[in-house]
Amino acid sequence: MSAHSQILLTSSEGTEFLIDRDIADKSMLLKCMLEDIGEIGQAVPLPNVSGPILTKVIEYCTHHRDDPNFLSANDDVTADIDEWDLEYCKVDQGTLYELILAANYLDIKPLMDLTCKTVANMIKAKSPEEIRKTFNITNDFTPEEEDQVRRENGKDWVDEH
Amino acid sequence: MTNQRTPTSSSASASPSRKVKDKDKSKNRNKNDSRNSINNDNDKGQNEWQPPQQPKSPLAIEEVLYEILSRLDKHSLHSCVSVNRVFYRAAVRALWTTVQWKSSLANPSFLPEMLRYGHNAIELQDNFDADLDIIAEKCTRLRELRLVWTQATDPKLHNILVASPKISSLYLYNCKPLTTLALSHIQALSGLKKLELKNMLNVDEASIAGILRSCPLIEHLVLEDVRLGRVALDSLGITPLSIKTLALTRSSPTGSFVRNVLRNSPMLREFSLARNVHSALSVEDLLPEPDMYRYLINLNLESCKSIPSDALLSVLRLCVGLERINLCGTWIDDAALDVIASNSHKLTNLNLGWCAQITDAGLLRMLTVSRNLVFLDISSHGVLTAGIFRPDLMWACSRLQTLIMVGIDMMRPGGRAQINHGMMFDQLSRLSCLQDLAIGGPYLDLRLEAGLDKMGKLDNLESFRINHLQNALGEDEIRWLVEVWPKLKRLKVELAALSEPWRRYFRRRRPHLVLG
C-alpha cells in the first residue's frame, strides 16, 4: 500500500476532520461516494453528523482499521461484544442515539450492529410500560388500536420456544 | 389467526406532532442516500441546509428501529408491539422474520404476509409435502430452517437448499425419508454455521466427511441418535474445523470418529458424548493431540460407561476452565475428583450422580474447595455415606441453589442414624441460597428429634423432593413441613410417606403449593 491518501470531512457545525482514506472506507457511503467522484480536494460535508459524534465515529473506525472481520457481514446475533466495544458504548442515551443515526447515515454496518445491540439490550425483557419509561416514549395508540393490538398479541400466532 | 393489520397509517404520518419529539418529520428521512439527506420540509433551496434540530431519536424512525428490534428475542418483541405505533410496525416486521409455519394453519393470507415482511427462518412440524414445495418456490432468503417430523424427501430438501443457499442454521429432526443424498446436498451450504441432525439413520463416511470439508464455518454440530457406528472419519485427515459446540448424543461414535473430529477442532468449547454407553474410547481417542481442551467450558460424558477411568482422568487434567461437568454414571474415581477440585474456580454445575467408584474422601475434597457451585447432583446407591456431612469440614459451596442427593447411606459411618442425620441437617441448613433440594433413599429418615427443624433456615427453598423414605413421615414432621419455607412452590413426596388425608390437609393449608 502506498501512502494513504487523505479525506477531509466537515461536520454539521463546520469543524473539519482530516482522516486517512482507509478509515473513511469503513463507511460504505463515503467509500462509494469517493469511488464515484474520485479524489476531491474539497471537504465532504456531513450536515447530519455533529463534531463530537463524528469524532466518536472516527475513533471507532480507527480502532477497527486493521480488523479483518470488519466488513464481513456478521449475521450472528448472539456473538459476544468485545471489551473495547463495550467500553465504547458506555455513553449517555443521547450520544448513543446519535451514534446509531450516524452509523446508519454513513452506512457503517459493524457500528450500526454494535449500537443497535446495545439499545436492544436496554429494551430486552421489559414490559411495554417499562420500555416507554426508559425511553420517554408516548403511547400514541387510540383506544381501539390498543384493543386490537392486545387481541392480536394474545393469540399464539408466533410460537415461542 | 387474525389479519395482521397495522393501525391505520393515514393518521400516523399526518397528525400534527403533539409530542415532544418530531416523530413524524423524522420518518421522512431516508438512510444511506446522501442526496436525500437534506430534508426539504421547509421549502428552502437545496444548497442551504438547516443545522439539525434537537436530536432525533432512532426509536422514532421505523427503518432504524427495525434494525434495533431485529436483534431482540421473541418475548421482548411481543412487549415492543404494544409500546406505540412505530414500535408496533417495526416489531411486527421483526417477528415475521422468524415464523413457525404449522400445517394446521390453513390461512390463505398467511403467505402474502410472510412474503411482505420478509422471512428468514422457518420451522415446519408434522408437515405435508405441499408446504415444502412452496418454501422451495417462494423463500430465497432463508437463514434458518428447521424441519421436525416432516416427510421431507431428498429432492424436496434439495430444492429448498438450492433456493436458499445462504442458510446458516439447519436443523433436521426425525425426518425419516432423508438419506445420505440429503447430506450431500447440505455440502452446498458453504456458509453453514449450525447443523443439527437428530434421528437420522442413514449416514456414511463420505457424507459426514464431505459436510465437514465443504462447510468449514460450522461452529455448532449436533449428531443425536445418528448411527455413527460405521463412520471412522479417517478420510477427514487434517481439516481445520471451527467447531465450538459438538454433541454426539446416543450416536455410538467410534474411537476413530472421535479422534478425527477432536484433532481438527482446537476451538472446542462444549463437548458432549452423553449416553454413548457402548462407545469404548481410549486415551488416544480422547486426546489425539497433547494440547487439547484449552477452551472447553462444558463437558458432558453422561453414561459413558465404556470410557475407562484413566482416560477420564487424562482428559480432566487438561480442562482447566470447566464451568459445567456431567459425569453421571461414569467410572471416575477420587483422583479425578481431586483434579476437578483443583480446577474448579469456574465450576458452577457438577453432576456426579451414580458414579460407583467415588468415595466420601474424594467428594469432600471437592465440596470443601469449589466455591462457585450452583448445581450439584451426588445421587448414588449408598456409595456415599453420611461421612460427607462431618462437622469438622465445612462445605465451601455456599452459593449452591440445586442439590440432588438421593441414596446417601445414613447408617454409615458408625451405624448411628440419628447422629448422622443431625450432621446432615446441620450441613444442609447452612446452604442459604438453596432453592431446589432432592433427597431420599432407603436409608433416609426425616425426624424433628434428629434436627430436621434446622432446615427451616433455608429461606429460599422453592422445591423439595423426597424420593423414597425408610419410614413414613411422622405427624409432627408433617405439621412442621406444612408451615415451613414460605417460598415453597413444589413439594414431591411418595404416597407411602404421605397418605391421602395428610395430603388434603396440606392442600388446605397451602393452596398454592404444587403437591406431587
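Rules used throughout
- Residues numbered from 1 in each chain as written.
- Chains lettered and ligands numbered in written order.
- Predicted model: local features only at pLDDT ≥ 70, side-chain atom pairs only at ≥ 80, totals over all residues.
- Heavy atoms only, no water.
- Helix = DSSP H or I, 4+ residues; strand = E, 2+ residues; numbered from the N terminus.
- Buried < 20%, exposed > 50% of the residue type's maximum accessible area, 1.4 Å probe, protein only.
- Contact = heavy atoms within 4.5 Å.
- Areas by Shrake-Rupley, 256 points an atom, 1.4 Å probe, with all protein chains shown as cover.
- Pairing = 2+ DSSP bridges.
- Axes fitted to C-alpha atoms, helices over the stretch in contact; angles between N-to-C directions.
- Phe/Tyr/Trp six-rings, centres within 6.5 Å; stacked < 30°, edge-to-face > 60°.
- Lys NZ or Arg CZ within 6 Å of the ring centre and 35° of its normal.
- Core = buried A, V, L, I, M, F, W, Y, C linked by side-chain atoms within 4.5 Å.
- Salt bridge = Lys/Arg side-chain N within 4 Å of Asp/Glu carboxyl O.
- Arc of directions from axis to C-beta.
- Parallel < 35°, antiparallel > 145°, perpendicular 65-115°, else oblique.
- Nonpolar A, V, L, I, M, F, W, Y, C, P; charged D, E, K, R; others polar.
- Left-handed = near helix turned anticlockwise from the far one by under 90°.
- pLDDT = per-residue confidence, 0-100.

Q: For this particular structure, what's the right way to read the overall build of chain A?
A: When its secondary structure is counted, chain A shows 8 helices and 3 strands. Secondary structure elements in chain A, listed N-terminal to C-terminal, are β-β-α-α-β-α-α-α-α-α-α. When the 161 residues of chain A are sorted by exposure, 45% land in the buried category. For chain A, long-range pairs separated by at least 24 residues make up 62% of all intrachain contacts whose partners lie at least 6 apart in sequence. Surface exposure of chain A reaches about 8500 Å², of which carbon and sulfur atoms provide 51%.

Q: What is the right way to read the sheet that holds strand 3 (residues 44–45) of chain A from this model?
A: Strands in a sheet are paired, the pairing made by backbone hydrogen bonds, and the direction either parallel or antiparallel. Residue and element names in this part refer to chain A. With mixed pairing, the 3 strands of this open sheet are ordered in space as 2-1-3. Each edge of the open sheet carries a strand with a single partner, namely strand 2 (16–20) and strand 3. As paired strands, strand 1 (residues 6–10) and strand 2 are joined by 5 bridges and run antiparallel to one another. Bridged to T10 within strand 2 is E16. Contacts from helix 3 (residues 51–63) reach strand 1 and strand 2 within the one sheet, and its direction differs from that of strand 2 by about 10°.

Q: What am I meant to see in the packing of aromatic side chains here?
A: For the coordinates displayed, the defined rule picks out 10 aromatic pairs over all chains. Ring plane angle 50° and centroid distance 5.4 Å describe the contact between Y60 of chain A and Y88 of chain A, whose orientation is recorded as tilted. Taken together, the residues span a long stretch of sequence, with Y60 of chain A in helix 3 and Y88 of chain A in helix 4 (residues 83–88) at a distance of 28 residues. For the pair Y60 of chain A and Y88 of chain A, one class covers both residues: buried. Where W502 of chain B meets Y505 of chain B, the ring centres are 5.4 Å apart and the plane angle is 80°; that geometry is what we call edge-to-face. Here Y505 of chain B and W502 of chain B lie together in helix 18 (residues 500–509), a separation of 3 residues that amounts to about one turn. Ring pairing ties together the aromatic residues Y60, W84 and Y88 of chain A, which thus form one cluster. The lysine or arginine in question, K56 of chain A, covers the ring of Y88 of chain A, its NZ or CZ lying 4.1 Å from the ring centre.

Q: Would you mind going over the nonpolar core with me for this structure?
A: Here is a general trend for soluble globular proteins: nonpolar side chains tend to be buried in one another's company. Core analysis: the largest hydrophobic core is formed by 133 residues, its most contacted members being F271 and F464 of chain B. Beyond its immediate chain neighbours, meaning those up to four positions away, F464 of chain B contacts L437, I439, L446, L481, W485, L488, R490, L491 and K492 of chain B. Counting residues in hydrophobic clusters, the runner-up holds 63 residues, among them C116 and I123 of chain A together with V86 and W96 of chain B.

Q: What should I look at first to understand the environment of D426 of chain B in this one?
A: On the secondary structure map, D426 of chain B appears in helix 16 (residues 417–429). Counting along the chain gives 36 residues from D426 of chain B to R390 of chain B, while the straight-line C-alpha distance between them is 9.5 Å.

Q: Teacher, can you tell me more about the pattern of salt bridges here?
A: Note on pairing: side chains with opposite charge can pair once their charged atoms come close. Residues and elements named next belong to chain A. Enumeration over the complete set of coordinates arrives at 29 salt bridges over all chains. Of the charged contacts, one joins R65 and D20 as a salt bridge, the two residues approaching to 2.7 Å between their closest N and O atoms. Of the two residues, R65 is situated in the loop between helix 3 and helix 4 and D20 in strand 2; the sequence distance between them amounts to 45 residues. Judged by its relative accessible area of 22%, R65 is partly exposed. For D20, a relative accessible area of 17% gives the class buried.

Q: I keep staring at helix 2 (residues 28–37) of chain A and nothing clicks. Help me out?
A: For the α-helix, the turn length of 3.6 residues means that residues three or four positions removed from each other point alike. Residue and element names in this part refer to chain A. Among the residues of helix 2, those classed as buried are L29, L30 and L34. What you see down the axis of helix 2 is that its buried residues fit within an arc of 120°, all on one side. Exposed side of helix 2, more than 90 degrees from the buried face: E35 and D36 are the residues found there. On the buried face of helix 2, the contacting elements are strand 1, helix 1 (21–24), strand 3 and helix 5 (93–106).

Q: Please explain the packing of helix 14 (residues 334–342) of chain B against helix 15 (residues 360–367) of chain B as it appears in this structure.
A: The packing of two helices is summarised by the inter-axis angle and the distance between the axes. Residues and elements named next belong to chain B. Two elements in contact, helix 14 and helix 15, have axes separated by 9 Å at closest approach and are oriented at 5°. Overall, the two elements helix 14 and helix 15 adopt an arrangement that is roughly parallel. Listed contacts from helix 15 to D334, L337, D338, I340, A341 and S342 of helix 14 are A361, G362, L363, R365 and M366. Taken together, the residues of the contact of helix 14 with helix 15 break down into 6 nonpolar, 2 polar and 3 charged.

Q: In this structure, what is going on with the packing of helix 17 (residues 475–483) of chain B against helix 18 of chain B? I would like to understand it.
A: Residues and elements named next belong to chain B. Between helix 17 and helix 18, the least distance of the axes is 10 Å, while the angle of their chain directions is 25°. By the angle between their directions, the pair helix 17 and helix 18 is classed as roughly parallel. Every pair of crossing elements has a handedness; the one defined by helix 17 and helix 18 is right-handed. Within the contact between the two elements, helix 17 uses E475, I478, R479, L481, V482 and E483 and helix 18 uses W502, Y505, F506 and R509. A breakdown of the residues in the contact of helix 17 with helix 18 according to their chemical character gives 6 nonpolar, no polar and 4 charged.

Q: Got a minute to help me understand the side chain of H185 of chain B in this structure?
A: All names here are of chain B. In this structure, H185 sits in helix 9 (residues 180–186). Note on H185: relative accessible area 16%, which makes it buried. Once residues within four sequence positions are removed from consideration, H185 is found in contact with D154, H158 and L161.

Q: Whenever I open this one, the side chain of S169 of chain B confuses me. Can you help?
A: Residues and elements named next belong to chain B. Assignment of secondary structure puts S169 in strand 4 (residues 169–173). We classify S169 as buried; its relative accessible area is 9%. Setting aside anything within four residues of it in sequence, one finds S169 in contact with R143, E144, L145, L192 and K194.

Q: Even after reading the chapter, I still don't get the confidence of the model for chain B, so can you show me in this structure?
A: Where the model shows low pLDDT, its predicted coordinates should not be examined in detail. All names here are of chain B. Averaged over chain B, the pLDDT score is 83; the fraction of residues at 70 or greater is 83%. Across residues 1–46, where pLDDT falls below 50, the model places 73 contacts with residues more than four positions away in sequence or in other chains. Here residues 102–110 is modelled with pLDDT under 50, and outside its nearest four sequence neighbours on either side it reaches 17 contacts, counting other chains as well. On the interface metric, ipTM, the complex scores 0.86, and its pTM is 0.67.

Q: When you look at unusual backbone geometry in this model, what are you seeing that I'm missing?
A: Generally, phi is negative for residues other than glycine and the peptide bonds are trans, each holding for most cases. A cis amide bond, omega 0°, links R412 of chain B with the succeeding residue P413 of chain B. Even without being glycine, A125 of chain A reaches a positive phi, approximately 60°. Mapping A125 of chain A onto the fold places it in the loop between helix 6 (109–123) and helix 7 (128–135). Given the relative accessible area of 68%, A125 of chain A is considered exposed.

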